[in-house]
Amino acid sequence: MSLLVVGLSHRSAPVSVLERAALHADAQIKLLQDTVAAEPAAEAAVLATCNRIELYADVDKFHAGVAELSTLLAQHSGVGLDELTPYLYVHYEDRAVHHLFSVACGLDSMVVGEGQILGQIKDSLAKAQDLHTAGRLLNDLFQQALRVGKRAHSETGIDRAGQSLVTFGLEQLAAGGEVADWARGKKALVIGAGSMSSLAAATLVRAGVGEVVIANRTAERAERLAEILNDGASSPGDVVARAVPMDAVPGELTRADVVVSCTGATGLVLTGDAVSVAVGGRVPDVGAGGGGVAQPGADGVPPAPTRAALGGTNARSLADRNAAGSADDENCPLDLNAVQATPGFSVLGEAAVAGMAAAELEQHAAWVDNAPRPQGSGSVVDEAEAIAALAAAAARVGRIPERRRPEPPAEGPQPVLFLLDLAMPRDIDAAVHRIAGVRLVDIESLAEASADAPMAADVDQVRRIVADEVAAFGAALRAAHITPTVVALRTMAADVVAMEMARLEGRLPGLDDKHRGEITQTVKRVVDKLLHAPTVRVKQLAAEPGGAGYADALRTLFDLDQETVAAVSRAEDSTTDEEGRGSA
């Protein structure tokens, strides 16, 4: 086995990098085709979800395989290799199997235990099969991963350890309350009609919303989903589900209480202006002109405060900065007037520098270092050094890669519009969290919220299942690796028996059929008995870790023709491929 996986996920990369590296359907197809065309890879499959991008391949060289797969991921994602490399992880052979089985069980999901990943693994296998990039190894691997995932969900309580991403997102919107109480009677707008959007719509219906509107670029899919939702209602009139075209979204947004968006769009589906218009008149002091929305910075990226100032030091607030009466604000790359109204904003915190280019960071660090200190203020040396360090990091990648949002202000109007963005790259402008009356939950905030989720005891049981299944899969794969050699050996023995019987008939032409049959059976039994113990034992040894060399030893000892062994392998692969397509 030479299984290799190269990828990145929410565990290894910030959401901003995952967003930029997201692969649309056509890019996935091209990536698979280019991977199997590359020299080190014989098979390939891509697992691309909202929070992971992984390329699986059967390779003949480890280092060359890692280099080639990393390069291909960079090329097809559009993220430079130098920038992508720090976020990539690599798993090989048994570790690669362990990784996929863990993913299938929901252990590596953003929300532990979620079951939607099984459908995504199945789709990945089907795509590789359709493109003929999955051979025996990946067919067996992905099908076994699906079985392991189903076993984990049926034999343990892993479902209790976490929920689907949709359910978890709605719980975050409900802010600790019961989702059913929070959702009851609300008007919902679901943008997209794929698997995630369909799950969201069904979940909202079960939670008790009064109306669900489905918007999708393909009208037929939206209409079909609305029809399913209406048919599934417990009684007529319980839920009104209807489909609308995408150009109707702005109008529907003004009526909606809850919006869930998950499309494959490469750009924003909902802008800050559109959301601001939608809540205009529903919240005091928020008008159609976009009031309450932070203005973008110099590079078009809105300021993005974080939960704490850089380095955990006491950064001065903007009020302190203004109290100093400084006259050199023109040397600060920030638009101080634009951020002045933001509660708790610190010109020295990560809020000030998130998204800045390297040159701006250096300018900001110098401004912080030289700015006049207000009376009684603490030292800002630590903040200046932290910003300078960020400037050095940004010099390598062009800008700070992760842009965080602030904690919601302690006081403010109650939300009138709840937004759940499950798309990658994001569908909803991250700046809308700063619009009064809006609550936004997206992939990034879900990752932060789930980081501290308690792990159930069932997780340990699933880990044991994964470990057992990995060992069994490895043993079966190693045993299967020697099977073509054993078949070739027995074929060679049968050929020897046939040749010797032909010679015997030449020497004894008068031999009758009865005696000829007895002699033939006797010779075959002798050969079978001589080969039985060695072939059974070599299969046992080959199934153990490090047993791959036994096939080579058998070929050498019996001088087996390599092409004969390869022919057996090709025949088995062909049979397995057909069986795999029928069961996937």
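Bear in mind the structure is a predicted one, so any value in this text is a computation, not a measurement. (Residues numbered from 1 in each chain as written. Predicted model: local features only at pLDDT ≥ 70, side-chain atom pairs only at ≥ 80, totals over all residues. Heavy atoms only, no water.)

Novice: Looking at this structure, how should I read the sheet that holds strand 2 (residues 41-49)?
Specialist: For sheets, the rule is that strands pair by backbone hydrogen bonds, running either parallel or antiparallel. In spatial order, the strands read 2-3-1-4; together these four strands make up an open sheet with antiparallel pairing. The open sheet is flanked by strand 2 and strand 4 (89-92), the only strands paired with a single partner. Going from strand to strand, the sheet's axes swing by 15° on average, the running direction of each strand aside. Pairing between strand 1 (residues 3-9) and strand 3 (residues 52-59): seven bridges, direction antiparallel. The residue of strand 3 that forms the bridge with L3 is D58. (Pairing = 2+ DSSP bridges. Helix = DSSP H or I, 4+ residues; strand = E, 2+ residues; numbered from the N terminus. Axes fitted to C-alpha atoms, helices over the stretch in contact; angles between N-to-C directions.)

Novice: Would you mind showing me how to read the packing of aromatic side chains here?
Specialist: One pair of aromatic rings is described through two measures. These are the centre distance and the angle between the planes. Under the definition given, this model contains four aromatic pairs. Ring centres 5.4 Å apart and planes at 80° place the aromatic pair Y56 and F142 in the edge-to-face group. Of the two residues, Y56 is situated in strand 3 and F142 in helix 7 (residues 136-155); the sequence distance between them amounts to 86 residues. Overall, F142 belongs to the buried group, its relative accessible area being 0%. Between the aromatic rings of W182 and F418, the centroid separation amounts to 5.2 Å while the plane-to-plane angle is 85°, which identifies the pairing as edge-to-face. Of the two residues, W182 is situated in helix 10 (residues 179-183) and F418 in strand 9 (residues 417-421); the sequence distance between them amounts to 236 residues. The buried category is assigned to W182, whose relative accessible area is 11%. Look at F418 and you get buried, because its relative accessible area is 7%. (Phe/Tyr/Trp six-rings, centres within 6.5 Å; stacked < 30°, edge-to-face > 60°. Buried < 20%, exposed > 50% of the residue type's maximum accessible area, 1.4 Å probe, protein only.)

Novice: I'm lost on the packing of helix 21 (residues 458-507) against helix 22 (residues 513-542) in this one. Help?
Specialist: Helix packing for two helices is described by the angle between their axes and how far apart those axes are. Contact geometry of helix 21 with helix 22 gives a least axis separation of 10 Å together with a crossing angle of 160°. Between helix 21 and helix 22, the angle is such that the two are roughly antiparallel. Once helix 21 is placed against helix 22, the crossing between them reads as right-handed. (Parallel < 35°, antiparallel > 145°, perpendicular 65-115°, else oblique. Left-handed = near helix turned anticlockwise from the far one by under 90°.)

Novice: Explain a nonpolar patch on the surface here, please?
Specialist: Together, M492, V496, M499, L557 and F558 line one region of the surface with nonpolar side chains, adding up to about 470 Å² of accessible area. Within the secondary structure, M492 is located in helix 21. Overall, M492 belongs to the partly exposed group, its relative accessible area being 30%. (Patch = residues over 30% accessible without salt bridge, like charges linked within 9 Å, V, L, I, M, F, W, Y side chains within 5 Å. Areas by Shrake-Rupley, 256 points an atom, 1.4 Å probe, with all protein chains shown as cover. Salt bridge = Lys/Arg side-chain N within 4 Å of Asp/Glu carboxyl O.)

Novice: What is the right way to look at the sheet that holds strand 9 in this model?
Specialist: Strands sit in the order 7-6-5-8-9-10 across an open sheet of six strands; the sheet is parallel. Bordering the open sheet on either side are strand 7 (240-244) and strand 10 (438-442), each of which pairs with just one other strand. For this sheet, the mean angle separating the axes of adjacent strands, direction not counted, is 15°. Pairing analysis gives five bridges linking strand 5 (residues 187-191) to strand 6 (residues 211-215), with the strands arranged parallel. Counterpart to A188 in the pairing with strand 6 is V212. Relative to the sheet, helix 11 (residues 195-207) contacts strand 5, strand 6 and strand 8 (258-261), its axis offset from that of strand 5 by approximately 170°. Those strands touched by helix 12 (residues 219-231) are strand 6 and strand 7, and its axis lies near 175° from that of strand 7. (Contact = heavy atoms within 4.5 Å.)

Novice: Got a minute to help me understand helix 21 in this structure?
Specialist: It helps to recall that an α-helix has 3.6 residues per turn; residues three or four apart then point in one direction. Between its first and last C-alpha atoms helix 21 spans 73 Å; for 50 residues at 1.5 Å apiece the expected length is 74 Å, and the two agree. T483 marks the point of greatest bend in helix 21, at about 30°, and the proline P484 comes within the next four residues. (Expected span 1.5 Å × (residues − 1). Bend = angle between axes of the 7 residues up to and from the residue.)

Novice: Any chance you could explain the pairing of strand 5 here in plain terms?
Specialist: Judged by how many residues are buried, strand 5 sits mostly within the fold: four of five residues are covered. Handedness of the strand 5-helix 11-strand 6 crossover: right-handed. Of the pairings in the sheet, the one linking strand 5 to strand 8 comprises four bridges and is parallel in character. Along strand 8, the bridge assignment pairs I191 with S261. (Right-handed = clockwise from strand over helix to strand, strands pointing away.)

Novice: I keep staring at helix 23 (residues 549-557) and nothing clicks. Help me out?
Specialist: Taken together, the buried positions of helix 23 are occupied by A551, L554 and R555. Projected down its long axis, helix 23 shows its buried positions confined to an angular sector of 100°, all on one face. The outward face of helix 23, more than 90 degrees from its buried face, is lined by the exposed residues T556 and L557. D559 occupies a position one or two residues after helix 23 and carries a positive phi of about 50°. (Arc of directions from axis to C-beta.)

Novice: Help me understand unusual backbone geometry, please; the structure alone is not making it clear to me.
Specialist: A negative phi angle is the norm for most residues apart from glycine, just as the trans form is the norm for most peptide bonds. With an omega of 0°, the peptide bond between M424 and P425 qualifies as cis. Within the secondary structure layout, P425 lies in the loop between strand 9 and strand 10. Positioned with a positive phi, E93 is a non-glycine residue whose angle comes to about 50°. For E93, a relative accessible area of 30% gives the class partly exposed. Positive phi values are uncommon outside glycine, yet H132 reaches one of about 60°.

Novice: Can you walk me through the side chain of D427 in this structure?
Specialist: Relative to the assigned elements, D427 resides in the loop between strand 9 and strand 10. Here D427 occupies a buried position and makes no salt bridge, while the nearest side chain of opposite charge, R217, is found at 7.5 Å. At a separation of 2.7 Å, a polar atom in the side chain of D427 contacts the side chain of S261. A polar contact of 3.4 Å, which involves the side chain of D427, links it to the backbone nitrogen of C262. In contact with D427, other than residues within four places in its own chain, are S261, C262, T263, A265, G267, L268, V269, L270 and D421. (Lys, Arg positive; Asp, Glu negative; His and termini not counted. Polar contact = N/O pair within 3.5 Å; in protein donor to acceptor, adjacent residues only side chain to side chain.)

No statement about biological role is implied by the geometric values presented.
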